[in-house]
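Next come the chains, spelled out residue by residue.
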Amino acid sequence: VSTPLTTIELDSLLGEILMTPEGKADPYPRYAALREHSPAFRSSLGLVFVGRYDDCQWVLRDPRFGKSAVDAIWERYHLSEQEWLERFPGFDGRRRSMLGMNPPDHTRIRKLVAKAFTPKTVGNLRPDIVRLTNEVLDGFDGVVDVIAELALALPIRVIGEMLGVPGSTCDELQPLVRSAVATLELEPPLEQLDAAADAARGIAAHFEELIAQRRTNPTDDLLSQLIHVEEHGDQLSYDELIATVILLFGAGFETTTNLIGNGLLAMLDHPDQFERLRDDRSLLPSAVDEMLRWDSPVQLDSRTALEDIDVLGVAVEAGENVITMLGSANRDPRKFTDPDAFDVTREGGAPMSFGAGIHYCLGAPLARAEGQVVFDRLLERFSAIEPAWGDERPPHRDSLVLHGLESLPVRLTRA
Ligand code: HEM
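Residues numbered from 1 in each chain as written. Predicted model: local features only at pLDDT ≥ 70, side-chain atom pairs only at ≥ 80, totals over all residues. Heavy atoms only, no water.

As for the overall build of the chain
Inclusion rule: What counts as a helix is a DSSP run of H or I of at least four residues, what counts as a strand is a run of E of at least two, and both are numbered from the N terminus. Based on C-alpha atoms, the radius of gyration is set beside the globule rule, defined as 2.2 Å times the residue count to the power 0.38. Note on exposure labels: buried denotes an accessible area under 20% of the residue type's maximum, exposed denotes more than 50%, and partly exposed covers the range between, all computed with a 1.4 Å probe on protein chains only. The contact criterion used is simple: two residues touch if any of their non-hydrogen atoms lie within 4.5 Å. To be clear on the numbers: accessible area is Shrake-Rupley with a 1.4 Å probe, and residue cover counts the displayed protein chains and nothing else. Neither His nor the chain ends contribute to the count of charged residues, in which Lys and Arg are positive and Asp and Glu negative. Charge coordinates come from a single atom per side chain, which is NZ of Lys, CZ of Arg, CG of Asp or CD of Glu.
When its secondary structure is counted, the chain shows 19 helices and 10 strands. In terms of overall dimensions, the chain is globule-like: its C-alpha atoms have a radius of gyration of 21 Å, near the 22 Å expected for 415 residues. Once the C-alpha set of the chain is aligned to its principal axes, its extents read approximately 65 × 60 × 35 Å. Expressed as a percentage of the 415 residues in the chain, the buried residues total 51%. A sequence separation of at least 24 residues applies to 72% of the contacts in the chain between residues at least 6 apart. When the accessible surface of the chain is summed, it comes to about 18,400 Å², and 53% of that surface belongs to carbon and sulfur atoms. Once the 41 positive and 67 negative side-chain charges of the chain are each reduced to a mean point, those two points are 5 Å apart.

So, in structure tokens, the structure goes:
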């Protein structure tokens, strides 16, 4: 049943989802109102949104949509090109990663790294993920902030292990990566971009040094393999090598953090489901997919129209962005039966949380493996896992695209 909303109501729902603590904590009833209102709509600020599962799939897959040229990004900030380049030297597109590319460049670069992230390769990595998770959990007893101590600490160690970045360097990079991912947001304020650009330079400097070391002393890690490709042929330039390594490091970091944090919160909110998983660990794959669906670590994705196109009744001009609300698609009753029930045995379709089409998350098998190992180890090593917050629910971080908690205090009792 379609519920017509006025533009003011549309804007106010969007404002709540994007800007208010209540909306960030529980955007789902608001998404439902928007999703049932119409398949696509334009807010008064001009942004176009879609929120139904099949429609998000379509936008992310149709080749008439793509990644925008960063060429005119300064216009969005009312700066001239020169002012922009002075403020963000190096931000001229040379170091764009595959995430911001269209074919054929995207195809070329993605192919080079795809082999490292197949379910089979990731399967071989599982013992390492178990070891790293155990190392983190060894120190846990009593009340622990799971975000700081586990969800932020582990994913960077795992990708560090794959790339061959030493643990101590991972720890140094963690706060930098956290500021750098601000560029994933829709339109971050300039001050945030300044901090992100500084952080990106710091990360690049670390990797430039590490690459120089690996050139002289190659090992068998992913970084050495990529350096080999860069040195032997015309498949990967030096700038693309740096951009790829930074992307791999950044893309799997706060996203997987949010899978662990949001997933654990969902479990604590549904103790019967947590017990069910404790009793039957064969449910781990469906449970982790349900955590991804229930409270998606990435709420919004977007594409730029590469030509004028009718988006489900909304006229969109070439160059305009269309935002796909992944968190909304995950609760679309057209796709998921009883979508507002949290069910660790759920079958019937993958969540939209990893996007779709040619940019579908390269790290999805790795993220799923990390999620499964973390919840398996938590249940194995602790006989009780309970909320350790008072009347106030744990706060959400203030971001639009990435969706996760600032902290999550939990009381752990050793098994
Ligand atoms: C739960 C954790 C994760 C979530 C929710 C997630 C989500 C996403 C989404 C939504 C996209 C698509 C972006 C777009 O359409 O433009 C994406 C792309 C990507 N993700 Fe993930 N991600 C996660 C973990 C990881 C991990 C662990 C890695 C690996 C290190 C990774 C690497 C990438 C890369 C390289 C891309 C770009 C692919 C391309 O442009 O072709 N992600 N991810």
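A look at the sheet that holds strand E4 (residues 142–145)
For the record, the criterion: Strands qualify as paired when DSSP identifies two bridges or more between them. Axis lines are fitted to C-alpha atoms, over the contacting stretch for helices. Their N-to-C directions set the angle, which ranges from 0 to 180 degrees.
A sheet is described by the order of its strands in space; here three strands give the open sequence E4-E10-E9, paired in antiparallel fashion. The open sheet has two edge strands with one neighbour each: E4 and strand E9 (382–387). Here the strands of the sheet are splayed against their neighbours by 30° on average, with no regard to which way each runs. Judged from the four bridges that link them, E4 and strand E10 (residues 409–414) form a sheet pairing that is antiparallel. Opposite glycine 142, over in E10, you have leucine 412 as the bridge partner.

Some thoughts on the nonpolar core
How we decide: Definition used in this section: a nonpolar core is a set of buried Ala, Val, Leu, Ile, Met, Phe, Trp, Tyr and Cys residues joined via side-chain atoms within 4.5 Å.
In this structure, Leu150, Phe249 and Ile385 are the most contacted members of the largest nonpolar core, which totals 107 residues. Apart from the residues within four sequence positions on either side, phenylalanine 249 is in contact with Ile156, Ile159, Gly160, Leu163, Val165, Cys170, Leu173, Val177 and Phe207.

A look at the site of the ligand
The cut-off we apply is this: For this purpose, a residue is taken to be near a molecule or strand whenever a single non-hydrogen atom of the residue falls within 4 Å of it. Any pair of nitrogen or oxygen atoms within 3.5 Å is treated as a polar contact; in protein, a donor-acceptor pairing is required on top of that, and neighbouring residues in sequence qualify only through side-chain atoms on both sides. The residue classification treats Ala, Val, Leu, Ile, Met, Phe, Trp, Tyr, Cys and Pro as nonpolar and Asp, Glu, Lys and Arg as charged. All others, Gly included, are polar.
With respect to spatial proximity, 29 residues lie near the ligand, and among them Lys67, His106, Asp301, His359 and Cys361 are the closest. Here an oxygen atom of the ligand sits 3.4 Å away from a polar atom, N or O, in the main chain of isoleucine 358. Split into classes, the residues belonging to the shell around the ligand amount to 17 nonpolar, eight polar and four charged.

Focus: the state of the cysteines
For clarity, the cut-off: Disulfides are defined in this document as cysteine sulfur pairs within 2.5 Å.
If you walk through the whole model with that rule in mind, you get zero disulfides. Free cysteine: cysteine 170, not disulfide-bonded; nearest cysteine sulfur from cysteine 361 at 18 Å. Note on cysteine 361: relative accessible area 28%, which makes it partly exposed.

Section: the pattern of salt bridges
We count it as follows: The term salt bridge refers to a pairing of a side-chain nitrogen on Lys or Arg with a carboxyl oxygen on Asp or Glu at a separation within 4 Å.
For the structure shown, the criterion picks out 32 salt bridges. A salt bridge links aspartate 269 to arginine 393; the nearest nitrogen and oxygen atoms lie 2.8 Å apart. Of this pair, aspartate 269 sits in helix H15 (residues 254–269) while arginine 393 is found in the loop between E9 and E10, placing the two residues 124 residues apart along the sequence. On the basis of relative accessibility, which here comes to 46%, the residue arginine 393 falls in the partly exposed class. Note that arginine 281 is salt-bridged to glutamate 380, the shortest N-O span being 3.4 Å. Within this pair, whereas arginine 281 is found in the loop between helix H16 (271–279) and helix H17 (284–294), its partner glutamate 380 is found in helix H19 (residues 364–381), the two being separated by 99 residues in sequence. Judged by its relative accessible area of 26%, arginine 281 falls in the partly exposed class. One salt-bridge network, in which partners are shared between bridges, spans Arg35, Glu36, Asp332 and Arg334.

Things to note about the packing of helix H10 (residues 153–163) against H19
Quick reminder of the rule: Here the angle decides the label: under 35 degrees means roughly parallel, over 145 means roughly antiparallel, 65 to 115 means roughly perpendicular, and every other value means oblique. Crossings are sorted by hand: turned counterclockwise from the far helix by less than a right angle, the near helix makes the crossing left-handed, and turned clockwise it makes it right-handed.
Contact geometry of H10 with H19 gives a least axis separation of 11 Å together with a crossing angle of 125°. As judged from the angle between their axes, H10 and H19 are oblique. Seen along the crossing, H10 lies across H19 with a hand that is right-handed. Across from Leu154, Pro155, Val158, Ile159 and Met162 in H10, the residues of H19 making contact are Leu366, Glu370 and Val374. Along the lines of polarity and charge, the residues of the contact of H10 with H19 split into seven nonpolar, no polar and one charged.

Considerations on the coordination of the iron atom of the ligand
Geometrically, a metal with four donors at the corners of a regular tetrahedron has ideal angles of 109.5 degrees, and one with six donors at the corners of a regular octahedron has ideal angles of 90 or 180 degrees. Basically, it comes down to this: Distances define the donors: N, O and S atoms within 2.8 Å of the metal qualify, as do those within 3.2 Å of Na, K or Ca. Water is excluded, so some sites may look unfinished.
There is one protein donor for the iron atom of the ligand, and it is Cys361 (SG), at 2.3 Å. With respect to the helices and strands, the residue cysteine 361 is situated in the loop between helix H18 (326–329) and H19.

Remarks on the sheet that holds strand E5 (residues 300–305)
As a general point, the strands of a sheet are linked pairwise by backbone hydrogen bonds and lie either parallel or antiparallel. A sheet is described by the order of its strands in space; here five strands give the open sequence E1-E2-E8-E5-E3, paired in mixed fashion. Each edge of the sheet is formed by a strand with only one pairing partner; in this case those strands are strand E1 (40–42) and strand E3 (65–66). Note that E5 and strand E8 (residues 321–325) share five bridges and pair antiparallel. Counterpart to arginine 303 in the pairing with E8 is valine 322.

Function-wise, these values are silent; they only describe arrangement.
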